[in-house]
Amino acid sequence: MGSTSNGNEDKVLETVMVGRYVEMESEGEEKTIKSKLSGLLWHGGSAYDAWFSCASNQVAQVLLTLPYSFSQLGMLSGILFQLFYGLLGSWTAYLISILYVEYRTRKGREKVDFRNHVIQWFEVLDGLLGKHWRNVGLAFNCTFLLFGSVIQLIACASNIYYINDKLDKRTWTYIFGACCATTVFIPSFHNYRIWSFLGLLMTTYTSWYLTIASLLHGQVEGVKHSGPTKLVLYFTGATNILYTFGGHAVTVEIMHAMWKPQKFKAIYLLATLYVLTLTLPSAASVYWAFGDTLLNHSNAFSLLPRTPFRDAAVVLMLIHQFITFGFACTPLYFVWEKLIGLHDCRSMCKRAAARLPVVIPIWFLAIVFPFFGPINSAVGSLLVSFTVYIIPSLAYMFTFRSAEARENAVERPPRFAGGWVGAYLLNMFVVGWVLVVGFGLGGWASMTNFVHQINSFGLFAKCYQCPPPAAAAALPLPNLSTPTPFLGGAAYNATNPVVAISPSPAPSSFHLRHHHHYGSP
């Protein structure tokens, strides 16, 4: 990737990057008080920290819904869409990083000091393109991150139910909402070093558990792989994958936490390549084992028999979803702090107290729309499509539309993209594809499916996709020594109704309307 910046501009860029965000203490205090252990675990700003943050943030609860998407898309389309959207997401993340560096360089020439201030995407748009772009970027980014946090909360309740079903999922949502509210005490992305590292380890374990457990389980009796069968299911699955690789809405905040943000350019691509080693084997293996059964089970955990390994995966995913909740919510905390004038406050207690109102609407929405799986596709088509694909592509083209802007650009487009002409053509393709396929067809499909969930289960569903108690009671108890073929050898377990239910087919849509809080879509 070539650069037109001369030596002086490089010095300006290096200088402005040094004035990064200082959270709670002065620089002198940091050097004298902060222990080496604190520096190792808490204060991260290297390229490695950024890689862990990107990879950990990108591969969260979607691991559990991708097999569901494969059942909607079919094996081949599922694999191809993952590769395609992985590359598309890496490209637009690169564009965001270039625009951030361009913004910082221009502000550096104006002697603007960003100490005690976290730059966010809407501010980059404001500085480069004006207030109208800022307002659009702010609206989409905040709404996406709001629902991204909602999804993590829903996922927590969905997962914990598979190891403790004594409480319904709505009650678990209340509990985990309170737990996730503790993220108000994490100052910025600069402080996610150990959490990002642990989060990626946790999802790596879960991914390979899903892969190995599915292969050892083998295919269920009479397994069918009939997808794709309907357009509405096909594009619903595609938009869930669009959502999967659209986790770079927090790119600017991650870059700002780096000591040298100009090194970010290829980090998201490298993170995506690792993520693909987790998402492709796990989704393909679970779909191979269970086939069309996944159409009625959006959470992959629900089909695997309960074992200590599955319980460990559930617990690790719960911890990781807490971390990812913080990733999605921290930018919202920053926006709120700036709105009420507390962003530069050095008291963590004051800032934490001020941040709490941000969690309340997230908590409420997670209780209203507990549709784990379908909500991912809806958010992907309506919000992710614009937030991290269309707006960054258009912003790049408008920022460098003049010959003077292109001549003075801090970073030229990479050679493999074909220079400026190639970059513009690629951006126009991204805008056209995502607008038509992601937002248009994907929006139609995902909202059709989402409305179906509301009609089937109702708002404020008490226990989304839980087995109907009446149906479970009506079924004859299986022989305790005989495995149920539907679950591929899982013996009856009275403490785990998800495993206990027999191979009877899922309730029809007619019955679902008479059991709004239970059943499968």
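Just so you know, the residues in each chain are numbered from 1, in the order the chain's sequence is written. Totals for whole chains, interfaces and linings use every residue, but because this is a predicted model, local features are given only for residues with pLDDT of at least 70 and side-chain atom pairs only at 80 or more, for both listing and counting. By convention in this description, side-chain values take in all heavy atoms of the structure and omit both hydrogens and water.

**Focus: the nonpolar core**
Phase 1 of the analysis: Take the buried Ala, Val, Leu, Ile, Met, Phe, Trp, Tyr and Cys residues and link them wherever side-chain atoms come within 4.5 Å; each set so joined is a nonpolar core. Classification of residues uses two cut-offs on accessible area relative to the type maximum, computed with a 1.4 Å probe and protein chains only: under 20% is buried, over 50% is exposed, and between them is partly exposed. Counting residues in each nonpolar core, the largest one holds 140 residues, and the members touching the most others are Val124, Phe264, Phe301 and Tyr389.
Phase 2 of the analysis: Residue contacts follow a heavy-atom distance rule, with two residues in contact if any of their heavy atoms lie within 4.5 Å. Excluding residues that lie within four positions of it along the chain, Phe264 makes contacts with Ala50, Cys54, Ala93, Ser97, Thr251, Ile254, Met255 and Met258.

**Some words on the packing of aromatic side chains**
Aromatic ring pairs are reported here in terms of the distance separating the ring centres and the angle at which the planes meet.
Phase 1 of the analysis: By convention, a stacked pair of Phe, Tyr or Trp rings (six-membered ring in the case of Trp) has centres within 6.5 Å and planes under 30 degrees apart, an edge-to-face pair has planes over 60 apart, and any other such pair is tilted. On inspection of all chains with the given rule, the structure shows 26 aromatic pairs.
Phase 2 of the analysis: Ring plane angle 45° and centroid distance 6.0 Å describe the contact between Tyr103 and Phe114, whose orientation is recorded as tilted. With Tyr103 in helix H6 (residues 75-109) and Phe114 in the loop between H6 and helix H7 (121-129), the pair connects residues that are 11 residues apart, well separated along the chain.
Phase 3 of the analysis: Overall, the relative accessible area of 8% leaves Tyr103 in the buried class. Every helix listed is a DSSP run of H or I at least four residues long, and every strand listed is a run of E at least two residues long, numbered separately from the N terminus.

**Here we look at the confidence of the model for the protein chain**
Phase 1 of the analysis: Values of pLDDT, the confidence the predictor places in each residue, fall between 0 and 100. Of the residues in the protein chain, 80% have a pLDDT of 70 or more, and the chain-wide mean is 81.
Phase 2 of the analysis: When pLDDT is averaged over each helix and strand of the protein chain, the minimum, 35, is found for helix H21 (residues 509-512) and the maximum, 95, for helix H13 (residues 267-290).
Phase 3 of the analysis: Contacts from residues 1-30, a stretch scored under 50 in pLDDT, to residues over four places away or in other chains number 77 contacts.
Phase 4 of the analysis: Low pLDDT, under 50, characterises residues 470-521; the stretch is placed with 92 contacts to residues that sit more than four places away or in other chains.

**Brief notes about the pattern of salt bridges**
Phase 1 of the analysis: Should a side-chain nitrogen of Lys or Arg be within 4 Å of a carboxyl oxygen of Asp or Glu, the pair is scored as a salt bridge. As enumerated under the stated definition, the model contains nine salt bridges in all.
Phase 2 of the analysis: Measuring nitrogen to oxygen at the nearest pair gives 3.3 Å for the salt bridge that ties Glu411 to Lys265. With Glu411 in the loop between helix H17 (403-407) and helix H18 (419-457) and Lys265 in the loop between helix H12 (251-256) and H13, this residue pair connects regions lying 146 residues apart in the sequence.
Phase 3 of the analysis: On the basis of relative accessible area, Glu411 is assigned to the buried category, the value being 11%.
Phase 4 of the analysis: A network of salt bridges, in which partner residues are shared, links Glu337, Arg351 and Arg355.

**Structural notes on the side chain of Thr330**
Phase 1 of the analysis: One can find Thr330 in helix H14 (residues 308-340).
Phase 2 of the analysis: Those residues in contact with Thr330 that lie beyond four places of it in its chain are Pro187, Ser188, Phe189 and Tyr192.

**A short note on a nonpolar patch on the surface**
Phase 1 of the analysis: Without a salt bridge and with relative accessible area above 30%, a residue can belong to a patch; like charges are then joined within 9 Å and nonpolar side chains (Val, Leu, Ile, Met, Phe, Trp, Tyr) within 5 Å. Using a 1.4 Å probe, the Shrake-Rupley method yields the accessible areas, and only the shown protein chains count as cover for residues. There is a patch of nonpolar side chains on the surface, built from Leu231, Leu382, Leu435, Val436, Phe439, Leu441 and Trp444 and spanning about 620 Å² of accessible area.
Phase 2 of the analysis: Within the secondary structure layout, Phe439 lies in helix H18.

**Observations regarding the environment of Met258**
Phase 1 of the analysis: Following the sequence through the fold, Met258 ends up in the loop between H12 and H13.
Phase 2 of the analysis: Taking the C-alpha atoms as reference points, Met258 and Asp49, 209 residues apart in sequence, are found 8.0 Å from one another.

**Some words on unusual backbone geometry**
Phase 1 of the analysis: Between Gly227 and the following residue, Pro228, the backbone shows a cis peptide bond with an omega angle of 0°.
Phase 2 of the analysis: Residue position: Pro228 is located in the loop between helix H10 (193-217) and helix H11 (231-244).
Phase 3 of the analysis: At Lys111, a residue that is not glycine, the phi angle is positive and equals roughly 65°.
Phase 4 of the analysis: Of the residues examined, Lys111 reaches a relative accessible area of 71% and is grouped as exposed.

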